[in-house]
Amino acid sequence: MTGPLDVARIREDFPILTTPFKGKRLVYLDSAVSGQMPRPVVERMGRYAQLEHTNVHRGVSTLSQEATDRFEEAREKVRRLVNAPSARQIVWTRGTTEALNLVAQSFGRPRVHAGDEILLSAMEHHANIVPWQLLAQERGARIRVIPMDDDGELILDAIPGLITDRTRILGLTHVSNALGTVNPVKEITALAHARGVPVVVDGAQAVPHLKVDLQDLDCDFYAFSGHKMSGPTGIGALFGKAEHLEAMPPWQGGGNMILSVTWEKTTYMPFPGKFEAGTPAIAATIGLGASVDYLEGIGFDRIAAHEHGLLVYATEALEAIPGLRILGKAREKAAVISFVMEGIHPHDIGSILDHEGIVVRAGHHCAQPVMERFGVPATTRASLAYFNTEEDVDALVAAVLKVKEIFG
Amino acid sequence: MTDPRELYQQVILEHNKKPRNFGRLEPCTHRADGHNPLCGDRLELTLWVKDGVVEDVKFQGQGCAIDVASASLMTTAIKGKPLAEVERLGEQFRAMVRGELDPGRQPHDLGKLSMFQGVKDLPVRVKCAVLPWATLHSALQGEAIASTE
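Residues numbered from 1 in each chain as written. Chains lettered and ligands numbered in written order. Predicted model: local features only at pLDDT ≥ 70, side-chain atom pairs only at ≥ 80, totals over all residues.

(A) Looking closely at helix α3 (residues 39–52) of chain A. Residue and element names in this part refer to chain A. Spanning 14 residues, α3 covers 18 Å between terminal C-alpha atoms, matching the ideal 20 Å at 1.5 Å per step. Within α3 the residues assigned to the buried category are Val-41, Arg-44, Met-45 and Tyr-48. Buried residues of α3, seen end-on, are gathered within an arc of 95° and therefore sit on one face of the element. Exposed residues on α3 whose side chains face more than 90 degrees from its buried face are Arg-39, Gly-46, Gln-50 and Leu-51. Where α3 is buried, its residues touch α4 (62–82) and α11 (282–298). (Helix = DSSP H or I, 4+ residues; strand = E, 2+ residues; numbered from the N terminus. Expected span 1.5 Å × (residues − 1). Buried ≥ 20, exposed ≤ 12 C-beta atoms within 10 Å, placed from the backbone. Arc of directions from axis to C-beta. Contact = placed C-beta atoms within 7 Å.)

If you want it as C-alpha cells, here you go:
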C-alpha cells in the first residue's frame, strides 16, 4: 500500500466519531486506553452471534465445526499479524493482563525461588509489575528495575550489570503506555539471552501501531489485547516459544483443555489447548480476526506514517503553549503525548477537555512508578490513532488554551 | 453538562492557589490520610479537638483544584466549630454534591461551601470534592485511612 490514508473514508467506519456526543463533535484521543471498533468488526461479531453461534471444539454438528473453523482462522490471522512461527503458539486470553499473569504463574512459578530476581523495566504498566510482585512475594524473590533517563528512554548500559546469575526473567514493555517510548526489544532480548534469561514482552500498545515481527524480536513471550487494536474487549493473546509452552503446566483446569479425564489421571491437550480452559470468548475472538483484517487492509506502514505525522504536529503545537511540559521525549516514540501544566492538576484539565468533547486520559495510566520517576502525581495523556486528524489536534490545543484561560 | 467555568469559580481557583490551613499540626489529637485510588490524590488531615470543639485543623497533600479548594474551604468552615455542627456540615456537603440537597431551595449551613454544588454535574469529580470530608470523618472516628473507593 502506498499513499496517505483516506482518513475521511476511514472515519465513516466509526459511528462514534461521526455522531455528535452531547451536542458536540467527539474528539477521541484515548486509543491507548481502548481503541474504537470499526463497523466491519462489529458487523462480523453480529453475524456470528445471529447466524453462526454455538460452542467451539464440541460435537459433530456442522454448526459447531464451522464455528470452530472461524475461531481457529482468527488464531491464524493473529499469527500472521505478529509473524509467529505457528498458530499453535498463539494462546487466547482475556487480554494482556491475563496473558502476563499466565506467564507469571505457569512459567514463572516453577523457575523462581527464594533469592532469585525478576528484572523489569522502569516504564512497565501495572499489568507487568503486579503479577511479578505476587510471584516474588510468594517465592521470596525480589524485583529489580532497569532505570530510564529524563527523556523516558531505558538506560541500556545498565542492563548487563543488573542481570545476575539469580535473574530468572526479564519483563519489558514494547511501547510505554504512559510515555510513548518504543523500546528496543530485539536489542534487550539479545542482551538477556546472552545471559540465559528469558524475556516477557507487554505488546499491548505496540501491536496496534507498528508491524511486530516476533521471529525477528526473538522474545520468549509476547502479550497483547484485542481492544487496543480496533477489536473487542475480553480477548487477547499470548505468544510463547514452543519449548516453553510445551514445558509449562496448565494454569486453569476445566473443559476444553483436556484429552481425557479419569478419577486417577487427566491428560491435557497439547498447547494452546491446555491453556484455554472453559468456553472462550468466541464472538470476540472472531471479531479480533476481523480487526486484524481491517488493520492490514489499511496497512501498517500507512498507519505508522499517519500517526507519526500527527505526533509531530501535536508535539509542536502543544510545546508552544507556555507552562506546558511533555513527558517522554524518546527518539523512537509512538503517538502518545503525556503532558503536565504548571500549577494545574491533570484532573482539572481532563474535566475541562471533557466539556469540550475531547476524550483524553487524566491520571497515572496504571503506571504509578513512571509518575514517581518524573515526580508528578498524574499526567494528561492524548493518544492518537489512524482515524485522528489535525483537526482533532487543533481542538485539543484550543481546549488546553481554554484551561489556561480559566486557571489564569 | 455544566460549563466548567461555573465550577471553577474564582474562589475555588483562589483557594487552590493559596490553600488555607496548609501544613500539619504537631501534636494533634486526630489525624487521617485520605486517598483517591482512581486519581492518586492524597491528603493528610490533622486536628486539635478540645472539649468537643475543633480548635485547630490543617491539611497537606496534593490533588486537583476541586480537592485542594474543598479541603481548604473545609478547614476554614470547621475551625472553631463543635463536632456536632462539623458532622452536620459534612452530611449537608455530601448531600449537595450528590444532588440530594439544592442549596438554592433548601435550608442549609454550608455558606461558601455551596459553591461546590456544580460538582454534582461532574460525577467523576464528586469523589475529589468529598475526599477531605471523608478524611475528616475518618479522623474523627479514629480511623487512620480514608478512601473514596
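(B) Fine view of the domain arrangement of chain A. All names here are of chain A. Looking at the assigned domains, one finds that chain A contains domain 1 (7–30 + 299–407) and domain 2 (43–296). Distance between the C-alpha centres of domain 1 and domain 2: 28 Å. Contacts between domain 1 and domain 2 engage 21 residues on the former and 21 residues on the latter. When residues of the side of domain 1 that touches domain 2 are traced back to their parent elements, those giving at least two are α12 (300–319), β12 (336–341) and α14 (368–373). Per element, the largest residue contribution to the side of domain 1 that touches domain 2 is four residues, and it comes from α12. Within the side of domain 1 that touches domain 2, the residues separate by chemical class into 13 nonpolar, three polar and five charged. (Domains from an automatic or database assignment. Nonpolar A, V, L, I, M, F, W, Y, C, P; charged D, E, K, R; others polar.)

(C) Broad picture of the sheet that holds strand β7 (residues 221–225) of chain A. Residue and element names in this part refer to chain A. The seven strands lie next to each other as β2-β8-β7-β6-β5-β3-β4, forming an open sheet whose pairing is mixed. At either margin of the open sheet sits one strand with a lone partner, and together these are β2 (90–93) and β4 (142–146). Neighbouring strand axes in the sheet, compared pairwise and without regard to direction, differ in orientation by 20° on average. Across four bridges, the pairing between β2 and strand β8 (residues 236–240) is antiparallel. (Pairing = 2+ DSSP bridges. Axes fitted to C-alpha atoms, helices over the stretch in contact; angles between N-to-C directions.)

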